[in-house]
Each structure stands twice: as C-alpha cells, then as structure tokens.
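Structural overview for review
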Amino acid sequence: MKNQVLNLKTRVMNINKSTRSNAVTIGGILIAYVVCTALINSGNMSNLLRNLLVAMCYYSIMAVSLNLTVGILGQLSLGHAGFMCIGAFTGAFFSKITVNTINNTFIRFTLAILIGAVAAGLFGIFIGVVVLRLKGDYLAIVTLAFGEIIKNVLNVFYIGYDSKGIHFSMKDTASLNLEEGGMVVVKGAQGISGTPRNSTFTIGVILLIITYLIIVNLVNSRSGRAIMAIRDNHIAAESVGIDITKYKILAFSISAALAGVAGVLYSHNIATVQSTKFGYNTSILILVFVVLGGMGNLRGSIIAAIILTVLPEYLRFMQDYRMLIYAIVLIVMMIFNWGPACINWRKNHSLKDLTKKLMKAKKEA
Amino acid sequence: MKKRIFALLMVLSMIMLSLAACGSKEEKPDDGKKDQKEQVNDKVDDKKDTDAPKFYIGGIGPITGGAAVYGQHVMNAAKIAVDEINAAGGINGYQIEFRFEDDVHDPEKAVNAYNTLKDWGMQILMGTVTSNPGNAVKEETYADNMFMLTPSGSAPEVVQYDNAFQVCFSDPNQGMASAIYVANKNLAKKVAVIYNSSDVYSTGIYEKFAEEAKNQNIEIVAAEAFTDDSDTDFTVQIQKAKDNGAELVFLPIYYEEATLILTQAAAVDYKPLFFGCDGLDGILGVENFDTSLAEGVLLLTPFAADAADERTQKFVADYKAAHDGTIPNQFAADAYDAIYIIKAAIEESGVTPDMSISDICDGMKEAMTKISVDGLTGAGMTWTSSGLVNKDPMAVVIKDGQYVSAD
C-alpha cells in the first residue's frame, strides 16, 4: 500500500512541469465550476453572482487571449476589444437571422461561436498584416486606432433582412428599403438587440478551458517556441531563420479569434450589444487583467479577470465612492501583487509548502 | 510559485461560498441589511414600521461616467417623491423603500445593478434612465415578470414587453410631434438637422422626423451627423446648413452640444430658427454659456423648471433646497412623476407588498391602462398596454433668458 502511494507520487512528479501546472489550472476551474453549480442548484447563490458567472468566463477568455499577444508574443495591443466587438456582432447577427430556421439551440450557438471566431480571426490576420511591421509603442497606438475604427464603423451599420436577402446601409433604417415584414437586425448606434440568450455558465467554462488549452498547446509547440524567441530577441530569432512575420500574425490572429469567441458569449448573455461598449476603455480593462495577473501567466490572467469583474459589483455599498475605491484598490493591487515582499510571502505560504509540512507531520507521527 | 495561485483559487471559491449566504434572502431583507441603505429617507420613523411590510422600489441609472447628470437628477427627484409619499402616509398605508443603483450607462452593468436590487428585495423597478441599458434590463424584468416603469428611457424597444411602461415620450413620437409642430405653425419649409449618429435618442428622433417631414411637405436640405467622439466642432455642419439655405435647424440632441452649435453659428453670423426636443431642456443652466445666444430657441419639452403651477414650483424649490441650488431638468421631473405613477397604479390595483413580484406586476400592468395621472410633465397622462404614454407635447420658447410657453 505504501509502495503504491510512493509509486503514484513519483509518477505525479515525473509528469512534466507544464502539464502539471495546466492540470492544476483546469482542476481549479472545474472545482470552482462544481462549487458554483452546486450553489446555484441548492438556491444559495445571489442573483448578482449567478449573473456574473458568465461575465467572468468571457472576461477570462479575453484576458487569456490577450495574454497570448502581450505576454507570449511580447507585443502591446490596445485594440483587443475591437475583436471582441466583431465576434459579438457577427455571432449575434447570425443567431438573430437563423433563430427561426435552426431550431436546435446547441447547433445554432456552436455555429455562432465558430462564425464569431472566424470573423474576428480574419480581421486579426488583416490587421496583423498591416500593423505587425511596427512594434512597441507604435504598434500600441496603431492597434488602439484599429480598435476605435472597428467600433465607430460598426456604429453606423444598418443591416436588415427580408425575403430577398440582406440589405445594408450606412445612413439610416429608412434607406434599407426593406419590404413588408423585413427585420432590421443591426440598428446603428442601437446595435443588435433581442439576441437569443444562449450563453450559460457551463458553456462559458467549457469555452474558457478550450481557450486555455489552445494557448497552452500553442506555447508548448514548435510555433510557440518560435513566438517566444521573437519576444525575447527578435533579431536573434530572425538570424536563426524564424519567419518573424508569419509567427507574429499566427499569434495575433489566434488571439483575435479567441477574443471573438468571448464576444459571442457576451452578446448572447445580455441580449443587446452596442459597439460603443468596445472602446479603448474595455481594451485597457482587459490589459489591466493581463498586467495584474502577470504577463505570460495564463492562470494569473483568469484570476485577475475574475477578481476585477466581481470587485466593482461588491463595492456597490460604497455608493458614490465606488469607482474611486475601485481605482485605489486596483493601484494597491498593482503595486503590491508583484512586489518582492508579496512574492516572498506567497512562496512561504504556498499550498506546496503546506502539503509538504503536512506530509512531514504525518511522517513524524 | 504556481501552487500559490491554486491556493488563491481555493480561497476564491471559499469567498464565493460565503457570498452565497447573501443569496437566500430574496423577498424581504432583514433589518441588519437595512442599515446599509443610506438612501432610504430618514424622515420616516423607522422604528414604528420596521415590521410593517413595505414596497421595495429600485432605480437604475448612470450616476457615474459620461451620462451621470441624467441618473443623478432621476435619483434625487425620485427620492424627493418617495419622501413626500412616505411623509404623507405611504401608498395605501404601506411605506416605500427606495434604492438606486449605478449602471454607468452600460447594459452589462445595468443587468448587474438589476440583480443587486433583486437581491435586496426589489418588487418594482423605476428604471432605467437611459435606453441602451433599458434594452438589456427589459429582458430580465420580462423573464421575472417584474413591473418596470422607465422615467426617461425613450427608445420604443424598452417598452416592447407588456410589463414595461414609459413616462417620457418615445423617440419616434417626439420626432413626429416636432415635424407636425413645425408644419402646423408654418415655421419653415427648408430644414436642416444636426444629430448625433452614435446616440439612440438622437437617431430615433431624427429618423421619425425625416419620415414625417415628407408627409408635411417640409424639405430637409441638410441632415448632418456627428458622433460622441467628434462633438466639439460643428462648423462644417453649420456651414452646410447655411449654404443650403435652411430657415430652421432641428437639433434632436442634448444641450451640451447644442450650446456649442449656437455659439459657433453665431460666430459665422448664421441666425436661423433653432428647434429642439426635450434634450435641450437645461440649456440655460450651462456654465459659461452666453444665454442671449439661446434667445428665440424653440423646444418641445414636457417640463419647464420655471412653470407657474404650484406643484412644479414646490418640486423645484424642494430640489434646489436639497441639492445646493441645482435646477432640476426634465429627467428629474420624469422620475418624480414616475414615483407618483407607481403610487397611482398600486392604489388602482390594490396590490400589497406581501404579494409575489409577479402578482404585483400583473395587478399593476392592468391598472396602468386605467389610470390617468396629472404630473409635472403633463396633465392627464394615460397609457395603453403598449407601454407608450399619451400626453400633449408642450412647446416652450426662450425669451429674455427664460423658458416661456410658445402657444
């Protein structure tokens, strides 16, 4: 019996480090999922928190996907919300026009997610080709501009749908010339409303885990090593024959496609979506998740996204001072989270240590 | 290093566990929670009524961020109305608890605010203040069958479901009323429109105005748009209106931009008739704005803060006294009316606080079609089951730095 336990232990220890770390993250997500589902089913969860669960999922997906660009590719992108916007609109548009033709919710929503991801991914490639020649501050400014362009262009789109097909205008609904019974799907500044609300916590968690696995597998692959080589020293990477443009675009478009998935989840969660939501404020918010969680640290991104999604809601009792306190808490977290003292404290109080101590205590007993 | 994050996750799930404890109280919050609610009026002797059932009315709107001024006016005015009603003995003898939550003019945050209020025990929703958040919240109220009365969410989609009603005019109605007013009073034949294409309110009015203008033989010679990101320089739009010989410039926008348009039009010596909707209400209160430029501006608005009737004067005086002399705008008046409309609907239907949310809603939505309310924003307001309000639009003109009735 003892042998078996030891055997198991060495086997666990022999699994490579990254696999073990991934297992911990996914295990953590699953445990949180089980706990939350149990709470919902027993009716013990507040309405607020139940409603926030899906939001946590899509913000986590956003943070993890941006981490690919910022932490792993090493390029600062300030337009990530723009890709979310494209995913949100294409997904919601698809769902709205097929809501009566595809009755199976699962198939329709899966297709919507795929369409959102592909559309955002294509935009990622398009924008990547244009802007990835730049780097550093220049790239940051250009991505910021592209994010705003996407937002403002979608803001004047009017798209209608009738028996003749899809009508499009950039002026107003009247110029769509819809026939009787036609439906205006995208209404300029009003965006799309009445999207079927298919996003659930379960789907959100599944998508989060898939996103996580995609990025982890990419990072641990040959391509991933090339991408990280570009981050660490792009001249050295180029000199050993890595196609810099190709790998940059690869990482950038995957990151964009995953943001598109988050967008679809968003637009199917609250039934109305406007492009103004996806301005630079949202982009910066996502960047804050990434920076707080640690560049290149996927698990950290998820945790930061969850905390910063919940925090402003639970500060509501502060009333008028809510956003002020939120900002202060954010600053304090930014300063101390990656301070040496805090890192040391976490090292000394980690779960690993705790289990070791317990083991020791057991042995001594 | 990495294990610690797992530890954090565990801590997080524990926090969730502890948070979940708050979720069990749905209908009636206990007294301990009441301490947190500073927004509840303090005039009422709480001790006497602690055990008596109360109506829990929630409000949602922006009190921080870009649209904060609207939400703040609504919140303040609603509190004045609630205090008045409570001081006068409540609704059918039941006191009102009122709580207002911030949505930062964002649909996502508005749904969060709605759920926060639901956890608090809200039975009736007085919200949302703005339209886009309203579109998201209406789905929630419809699913819960909770009664919803929006003071100023003017998009017609907000009241799409049968449980939602509006106090303000819907945007299309304002656009139509404006076109008809311009035609009936023979104000102009050639009209230019400057509108905000990134704003639902503005585009909603413009579209219907343009449609109705055709029927009324009004020619729109220039329809110039701007967006929230380019709302400081209007010289191009003004020049175009001037070049096309517009006699009247229709401004279905809010007053902040309108002050700039008036100033910039005066700078190029262009003096058409300016005509606006309720969004222009408040233009005289803008700091550093030369109010003589607004002379002769016509606006269709249901509320003017210096109207002579006794109720308006009392409301304005109360509001000014409570908020450092700020003059309430039309949003405030809508909210004040909204609380009294809720009161009237409760009295008509005879619902009581111990009924379920859904039963209260069923009772009230039926009562809404029967009542007629005299408020600050119109006399004899009635509703159909569509949720849209019937009341007469009122035109006011700015004369000698005052709003004066135009009729």
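The preceding data block contains the structure.
Overview of the structure.

Parameters at a glance
- Residues numbered from 1 in each chain as written.
- Chains lettered and ligands numbered in written order.
- Predicted model: local features only at pLDDT ≥ 70, side-chain atom pairs only at ≥ 80, totals over all residues.
- Heavy atoms only, no water.
- Helix = DSSP H or I, 4+ residues; strand = E, 2+ residues; numbered from the N terminus.
- Buried < 20%, exposed > 50% of the residue type's maximum accessible area, 1.4 Å probe, protein only.
- Areas by Shrake-Rupley, 256 points an atom, 1.4 Å probe, with all protein chains shown as cover.
- Contact = heavy atoms within 4.5 Å.
- Buried area = accessible area lost by both parts, 1.4 Å probe.
- Salt bridge = Lys/Arg side-chain N within 4 Å of Asp/Glu carboxyl O.
- Polar contact = N/O pair within 3.5 Å; in protein donor to acceptor, adjacent residues only side chain to side chain.
- Nonpolar A, V, L, I, M, F, W, Y, C, P; charged D, E, K, R; others polar.
- 1 Å grid on protein atoms, 1.4 Å probe; cavity = no way out; pocket = protein on both sides within 12 Å on 5 of 7 lines; lining within 4 Å.
- Points joined across faces, edges and corners; volume = space filled by probe spheres on them.
- Domains from an automatic or database assignment.
- Patch = residues over 30% accessible without salt bridge, like charges linked within 9 Å, V, L, I, M, F, W, Y side chains within 5 Å.
- Expected span 1.5 Å × (residues − 1).
- Axes fitted to C-alpha atoms, helices over the stretch in contact; angles between N-to-C directions.
- Parallel < 35°, antiparallel > 145°, perpendicular 65-115°, else oblique.
- Left-handed = near helix turned anticlockwise from the far one by under 90°.
- Pairing = 2+ DSSP bridges.
- Phe/Tyr/Trp six-rings, centres within 6.5 Å; stacked < 30°, edge-to-face > 60°.
- Lys NZ or Arg CZ within 6 Å of the ring centre and 35° of its normal.
- Right-handed = clockwise from strand over helix to strand, strands pointing away.

With that settled, consider the overall build of chain B. In terms of regular secondary structure, chain B is built from 13 helices and 15 strands. Residues counted as buried form 60% of the 407 residues belonging to chain B. Of the accessible surface of chain B, which amounts to about 15400 Å², a share of 50% is contributed by carbon and sulfur atoms.

This brings us to the interface of chain A and chain B. Contact residues are listed per partner, giving 57 residues for chain A and 50 residues for chain B. When the two sides are added together, the surface that chain A and chain B hide from each other amounts to roughly 5000 Å², 58% of it contributed by carbon and sulfur. For the pair chain A and chain B, the number of links is 5 salt bridges. Salt-bridge contacts for E101 of chain B lead to R316 of chain A; the nearest nitrogen and oxygen are separated by 2.9 Å. For the pair chain A and chain B, the number of links is 13 residue pairs in polar contact (both at pLDDT 80 or more). Going through the elements one at a time, α2 (17-41), α3 (47-72), α6 (137-154), α10 (244-270), α12 (298-314), α13 (322-337) and α15 (351-364) of chain A are the ones with two or more residues in the side of chain A that touches chain B. Top contributing element to the side of chain A that touches chain B by residue count: α3 of chain A, with 9 residues. Of the residues belonging to the side of chain A that touches chain B, the class tally is 26 nonpolar, 17 polar and 14 charged.

All names here are of chain B. Applying the stated criterion across every chain, the model contains 4 cavities of 30 Å³ or more. As a volume, the second largest cavity reaches approximately 60 Å³. If you trace the second largest cavity, you find it lined by S152, S154, C168, Q174, Y201, Y254, D278, G279, Q330 and F331. Partitioned by chemical class, the residues of the lining of the second largest cavity number 4 nonpolar, 5 polar and 1 charged. Viewed by domain, the lining of the second largest cavity spans two of them, domain 1 (50-168 + 325-390) and domain 2 (172-301), each represented by three or more residues.

Quick look at a nonpolar patch on the surface now. A grouping of V118, L122, F123, I125, F126, V129 and V130 of chain A is seen on the molecular surface, where their side chains present a nonpolar patch of about 620 Å² in accessible area. When you line up the elements, V118 of chain A lands in helix α5 (residues 105-131).

With 19 residues, helix α4 (residues 80-98) of chain A should reach 27 Å at 1.5 Å per residue; the first-to-last C-alpha distance of 28 Å fits that figure. In terms of burial, α4 of chain A is a largely internal element, 18 of the 19 residues being buried.

Our next topic: the pattern of salt bridges. Inspection of the entire model under this criterion finds 20 salt bridges over all chains. Of the charged contacts in the structure, one is a salt bridge between K343 of chain B and E347 of chain B, with a shortest N-O distance of 3.3 Å. With a gap of 4 residues between them, K343 of chain B and E347 of chain B both fall in helix α12 (residues 330-349), about one helical turn apart. What emerges from the salt-bridge pattern is a single network uniting E313 and R316 of chain A together with R99 and E101 of chain B.

For the rest of this paragraph, the subject is the side chain of S169 of chain A. For S169 of chain A, the position within the fold is in strand β2 (residues 165-169). Aside from chain neighbours lying at most four places away, what touches S169 of chain A is V156, F157, Y158, S175 and L176 of chain A.

Time to look at the packing of helix α7 (residues 171-184) of chain B against helix α8 (residues 200-215) of chain B. All names here are of chain B. At a closest axis distance of 7 Å, the pairing of α7 and α8 adopts a crossing angle of 45°. With respect to each other, α7 and α8 are oriented oblique. Here α7 runs over α8; the crossing is right-handed. On the side of α7, the interface is formed by D171, P172, Q174, G175, M176, S178, A179 and I180, while α8 contributes V200, Y201, G204, I205, K208, F209, E212 and A213.

Okay, the side chain of T116 of chain B next. Positionally, T116 of chain B belongs in helix α5 (residues 107-120). The residues contacting T116 of chain B, other than those within four sequence positions of it, are L48, E313 and R316 of chain A together with R99 and E101 of chain B.

Now for the sheet that holds strand β4 (residues 147-150) of chain B. Residue and element names in this part refer to chain B. Overall, parallel pairing links the 5 strands, which are arranged β2-β1-β3-β4-β5 in an open sheet. With one partner strand each, in any of the chains shown, β2 (95-102) and β5 (164-166) form the two edges of the open sheet. The sheet shows a mean angle of 20° between the axes of neighbouring strands, taken without regard to direction. Strands β3 (124-127), β4 and β5 of the sheet are contacted by helix α13 (residues 357-368), whose axis makes an angle of about 45° with β4.

Residues and elements named next belong to chain B. Read across the sheet, 3 strands follow the order β11-β12-β13 without closing on themselves; strand pairing throughout is antiparallel. Sheet topology places β11 (373-375) and β13 (389-390) at the edges, where each strand pairs with a single neighbour. Where strand β12 (residues 378-383) lies against β13, 2 bridges are found, and the strand directions are antiparallel. For W383, the partnering residue across the bridge sits in β13 and is V389.

With that settled, the discussion passes to the packing of aromatic side chains. All names here are of chain B. Applying the stated criterion across every chain yields a total of 26 aromatic pairs over all chains. Measuring from ring centre to ring centre gives 6.4 Å for F98 and F100, while their planes differ by 45°; the resulting arrangement is tilted. The exposure class assigned to F100 is buried, which follows from its relative accessible area of 2%. The lysine or arginine in question, R311, covers the ring of Y340, its NZ or CZ lying 5.4 Å from the ring centre.

Next up on the list: the environment of V35 of chain A. Residues and elements named next belong to chain A. The topology assignment puts V35 in helix α2. Classification of V35 by relative accessible area gives partly exposed; the value is 23%. Counting along the chain gives 254 residues from V35 to F289, while the straight-line C-alpha distance between them is 24 Å.

Residue and element names in this part refer to chain B. Burial analysis of β2 places 8 of its 8 residues in the buried class, the great majority of the element. Of the two faces of β2, the one lined by Q95, E97, R99 and E101 and the one lined by I96, F98, F100 and D102 are each fully buried. Bridge count for strand β1 (residues 54-61) against β2 is 8 bridges, and the pairing is parallel. Of the residues in β2, the one forming a bridge with F55 is I96. In this region the chain leaves β1, passes through helix α4 (residues 68-87) and returns to the parallel neighbour β2; the handedness of that crossover is right-handed.

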